[in-house]
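# Residue-level structure breakdown
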Amino acid sequence: MPRTNGATAQPPRWDYAPAPETAKVSIAPRYDHFINNRWTPPTGPKSDAYFDTLNPATEKTLAQVAHGSDADVDAAVRAAAKALPRWRALPPTERAKYIFRIARRVQERARELAVLESTDSGKPIKESRDLDVPQAAAHFFYHAGWADKLPYAFPGRTPTPVGVCAQIIPWNFPLLMAAWKLAPALACGNTCVLKPAETTPLTALRLAEIILDADLPPGVVNVVTGDARTGAALVNHPRVHKIAFTGSTDVGKKIAAATAASPKRLTLELGGKSPHIIFEDASLDQAIEGVIQGIYFNQGEVCCAGSRLFVQESILDQVIRRLEHRMKSLRVGDPLDKNTDVGAVNSRDQLQRIDKYLALGPAEGATLHRANHSTLPERGYWCRPCFFTGVQPSHLVAREEIFGPVLSVMSFRTPDEAIARANNTPYGLAAGVWTDKGSKIFDIARKLKAGVVWCNTYNQFDPASPFGGYKESGFGREGGRHGLRAYLNLA
Ligand code: NAD
């Protein structure tokens, strides 16, 4: 029997026939580390040598993946250190050729990568197909173009590579985050050890196959899989020169503390609780669509998800009505179905965390509005899109990062109040402003403490545009010239 999570089942608004993605992707039963261009078995105790990666939509094991011990991390860092002198001495135009080759291979294998990403992460195929994979290719193309032009990026300075880069990434954009990290590091002449998240290692390992296929010299890119222990070993390795971390603020703080007394360079891309502000003069259809996209995209498992919505009081009722109407038209289900809008939550742990907040909101006095029209598959980790009204700024659902399809709706009367309330958070990653008035856009955007402010749009990404946070959302930028700076010493 399909599960309804206790919600009253209502018929879907349009009954589409399933449109499953038909490409079959091979997944090996077991994956080793990628060190020095070789598939290298783990060296840890046998009982702890491999762990399972699951399909969150079925809870079935997809493959076993090597668990990186201290010795595995050491082997990978040594391989990167050994490869560094030759890679950095290579003429930049030659480095560029390798990176262009990776970009082309990612494009050629786009469908396979998209299916693998959706299978391992739970995100809808239309997102991995239309955003993750094309953006990953775009990052390699963009940075390949910079490889022989670095002196022009920093006129009057002499850029040199930083050295061995440890790159640790989360589970919400596994392939794209790998591209965000590897592409600029390689273009700047560094060598890398990449550690994907434990629940989504498969596309990073497929990227390692592509790197092998692109003939990159041994040791320039190494991929070590594992959990927090593997990440910590990488952070603490004495031969690492730079750490680039994307993940939660809690772990970012631990890494900042662990590296505080060392000369290691550090950039942190952390959590968020990003606000949308809708003024009464905004185009409401456009704003609602942007808010829906901003919070329900990728099941809300997006660092810059617009999870707090501030609406001018005069249009609050209207916005709530339209939001509810649009939310109910979203399709939740099989990530490999091309009609699916909201896929599976990435893990059981993450679903439990979201459910905790869904119980907390009403206990604090907020009202839960939930799309409950569609039945959910029997197995897998699912959360229907929802939002809270009657939220106070002190409520935990309005303050803490939930990392799920959960929006908190609040109101404001004046622009100053909107700015004060939007900035009233320890985070500062992104924001959305919705108004018809250009002057208001510039005024508000200037006053918002957020690394990215989107105006009359949301979640737009481009490799040329720097991305990063303020306050507890981290420091450093990825993308554009600012992103290159993190991987260079400038004399
Ligand atoms: P997480 O911090 O739990 O894990 C991220 C990575 O760090 C994983 O690879 C994990 O194995 C590793 N790790 C865990 N503990 C570690 C330790 N002590 N030392 C070194 N490495 C360690 O985050 P997550 O749950 O995978 O991802 C969700 C978080 O990532 C959210 O908070 C989200 O906002 C954030 N995020 C931020 C951005 C951004 O650009 N700002 C982008 C994507 C995700």
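### Overview of the overall build of the protein
- Looking only at helices and strands, the protein has 16 helices and 20 strands in total.
- Its C-alpha atoms give the protein a radius of gyration of 22 Å, within 12% of the compact-globule value 23 Å for 491 residues.
- Overall, the C-alpha framework of the protein stretches about 65 × 55 × 40 Å when taken along its three principal axes.
- With 491 residues in all, the protein has 59% of them scored as buried.

### Looking at the domain arrangement of the protein
- Taken domain by domain, the protein comprises domain 1 (30–270 + 473–490) and domain 2 (275–455).
- Distance between the C-alpha centres of domain 1 and domain 2: 30 Å.
- Across the boundary between the two partners, domain 1 contributes 27 residues, which contact 30 residues of domain 2.
- When the two sides are added together, the surface that domain 1 and domain 2 hide from each other amounts to roughly 2300 Å², 54% of it contributed by carbon and sulfur.
- When the area that domain 1 buries against domain 2 is broken down by residue, the three leading residues are Glu-59, Trp-171 and Ser-473, summing to 25%.

### So, helix H9 (residues 249–259)
- Of all the residues in H9, the buried ones are Thr-249, Gly-252, Ile-255 and Thr-259. Down the axis of H9, the sector holding all buried residues measures 115 degrees, keeping them to one side. Seen from the open side of H9, the exposed residues pointing more than 90 degrees away from its buried face are Asp-250, Lys-254 and Ala-257.

### Let's talk about the pattern of salt bridges
- Under the definition given, this model contains 27 salt bridges.
- Of the charged contacts, one joins Glu-198 and Lys-195 as a salt bridge, the two residues approaching to 3.9 Å between their closest N and O atoms.
- In this structure, Glu-472 engages Lys-253 in a salt bridge whose closest nitrogen and oxygen atoms are separated by 3.3 Å. In this pair, Glu-472 is assigned in the loop between strand S18 (452–455) and strand S19 (474–475) and Lys-253 in helix H9, connecting sequence segments 219 residues apart.

### Overview of the site of the ligand
- Around the ligand, a shell composed of 28 residues is seen, among which Ile-169, Glu-198, Ser-248, Leu-270 and Glu-401 lie nearest.
- Ile-169 places a polar main-chain atom, nitrogen or oxygen, 2.8 Å from an oxygen atom of the ligand.
- The contact in question runs from an oxygen atom of the ligand to an N or O atom on the backbone of Gly-247, over 3.3 Å.
- Here the ligand, which alone exposes 850 Å², has 90% of that area covered by the protein.
- Listed by contribution, the elements that provide at least two residues to the shell around the ligand are helix H8 (228–236), strand S10 (242–246) and H9.
- Sort the elements by how many residues they give to the shell around the ligand and H8 lands first, with four residues.

### Points about the packing of helix H2 (residues 92–108) against helix H7 (residues 202–213)
- At a closest axis distance of 9 Å, the pairing of H2 and H7 adopts a crossing angle of 130 degrees. Compared by their axis directions, H2 and H7 come out oblique. Handedness of the crossing formed by H2 with H7: right-handed. Packed against H2, whose contacting residues are Ile-102, Arg-105 and Val-106, the element H7 presents Leu-207, Ile-210, Ile-211 and Asp-213 at the interface.
- Classifying every residue of the contact of H2 with H7 by side-chain character gives five nonpolar, no polar and two charged.

### What about the pairing of strand S16 (residues 406–412)?
- Of all seven residues that make up S16, seven are buried, and the element is covered over most of its length.
- Side-chain alternation along S16 places Val-406, Ser-408, Met-410 and Phe-412 on one buried face and Leu-407, Val-409 and Ser-411 on a second face that is also buried.

### Structural notes on the environment of Pro-170
- With respect to the helices and strands, Pro-170 occurs in the loop between strand S7 (164–168) and helix H6 (174–187).
- Spatially, the C-alpha atom of Pro-170 lies 22 Å from that of His-143, the residues being 27 residues apart in sequence.
- The residues touching Pro-170, leaving out its near neighbours within four places in the chain, are Met-177, Ala-197, Thr-200, Thr-246 and Gly-247.

### Notes on the packing of aromatic side chains
- In this structure the tally under the stated criterion is eleven aromatic pairs.
- Between Trp-171 and Phe-403, the ring centres sit 5.2 Å apart and the planes meet at 75 degrees, which makes this aromatic pair edge-to-face. Residue Trp-171 is found in the loop between S7 and H6, and its partner Phe-403 is found in the loop between helix H13 (396–399) and S16; the two are separated by 232 residues along the sequence. Each member of the pair, Trp-171 as well as Phe-403, is classed as buried.
- With 5.9 Å between their ring centres and 55 degrees between their planes, Phe-461 and Phe-467 make a pair best called tilted. Like Phe-461, the residue Phe-467 is buried in the burial classification.
- One aromatic cluster is present, built from ring pairs that chain together Trp-180, Trp-454, Tyr-458, Phe-461 and Phe-467.

### Considering the sheet that holds strand S17 (residues 430–434)
- Taken in spatial order, the seven strands of this open sheet run S14-S15-S16-S13-S12-S17-S18, and their pairing is mixed. Both edges of this open sheet fall to strand S14 (367–370) and S18, since each of them pairs with a single strand only. For this sheet, the mean inter-axis angle between neighbouring strands, taken without regard to orientation, is 20 degrees.
- Pairing of strand S12 (residues 274–278) with S17, which is carried by three bridges, proceeds in the parallel orientation. Looking across to S17, one finds that Ile-277 is bridged to Val-433.

### A look at the pairing of strand S15 (residues 386–389)
- Covered by surrounding structure in S15 are Cys-386 and Phe-388 together with Phe-387 and Thr-389, the residues of both alternating faces.
- The sheet contact formed by S15 and S16 spans three bridges and is parallel. By the bridge assignment for S16, Phe-388 is matched with Ser-408.

### A closer look at the nonpolar core
- Counting residues in hydrophobic clusters, the biggest one holds 106 residues, and the most contacted among them are Ile-102 and Phe-140.
- Among the elements that line this core, the one with the most residues is H6, at eleven residues.
- Mapped onto the domain boundaries, this core takes at least three residues apiece from domain 1 (30–270 + 473–490) and domain 2 (275–455).
- If we skip the residues at most four places from it in the chain, Ile-102 touches Phe-140, Leu-186, Leu-207, Ile-210, Ile-211, Ala-214 and Leu-216.
- One finds Ile-277, Leu-358, Cys-386 and Leu-448 within the second-largest nonpolar core, a separate group that totals 28 residues.

Calculation criteria
Residues numbered from 1 in each chain as written. Predicted model: local features only at pLDDT ≥ 70, side-chain atom pairs only at ≥ 80, totals over all residues. Heavy atoms only, no water. Helix = DSSP H or I, 4+ residues; strand = E, 2+ residues; numbered from the N terminus. Rg over C-alpha atoms; globule rule 2.2 N^0.38 Å. Buried < 20%, exposed > 50% of the residue type's maximum accessible area, 1.4 Å probe, protein only. Domains from an automatic or database assignment. Contact = heavy atoms within 4.5 Å. Buried area = accessible area lost by both parts, 1.4 Å probe. Arc of directions from axis to C-beta. Salt bridge = Lys/Arg side-chain N within 4 Å of Asp/Glu carboxyl O. Near = heavy atom within 4 Å. Polar contact = N/O pair within 3.5 Å; in protein donor to acceptor, adjacent residues only side chain to side chain. Areas by Shrake-Rupley, 256 points an atom, 1.4 Å probe, with all protein chains shown as cover. Axes fitted to C-alpha atoms, helices over the stretch in contact; angles between N-to-C directions. Parallel < 35°, antiparallel > 145°, perpendicular 65-115°, else oblique. Left-handed = near helix turned anticlockwise from the far one by under 90°. Nonpolar A, V, L, I, M, F, W, Y, C, P; charged D, E, K, R; others polar. Phe/Tyr/Trp six-rings, centres within 6.5 Å; stacked < 30°, edge-to-face > 60°. Pairing = 2+ DSSP bridges. Core = buried A, V, L, I, M, F, W, Y, C linked by side-chain atoms within 4.5 Å.

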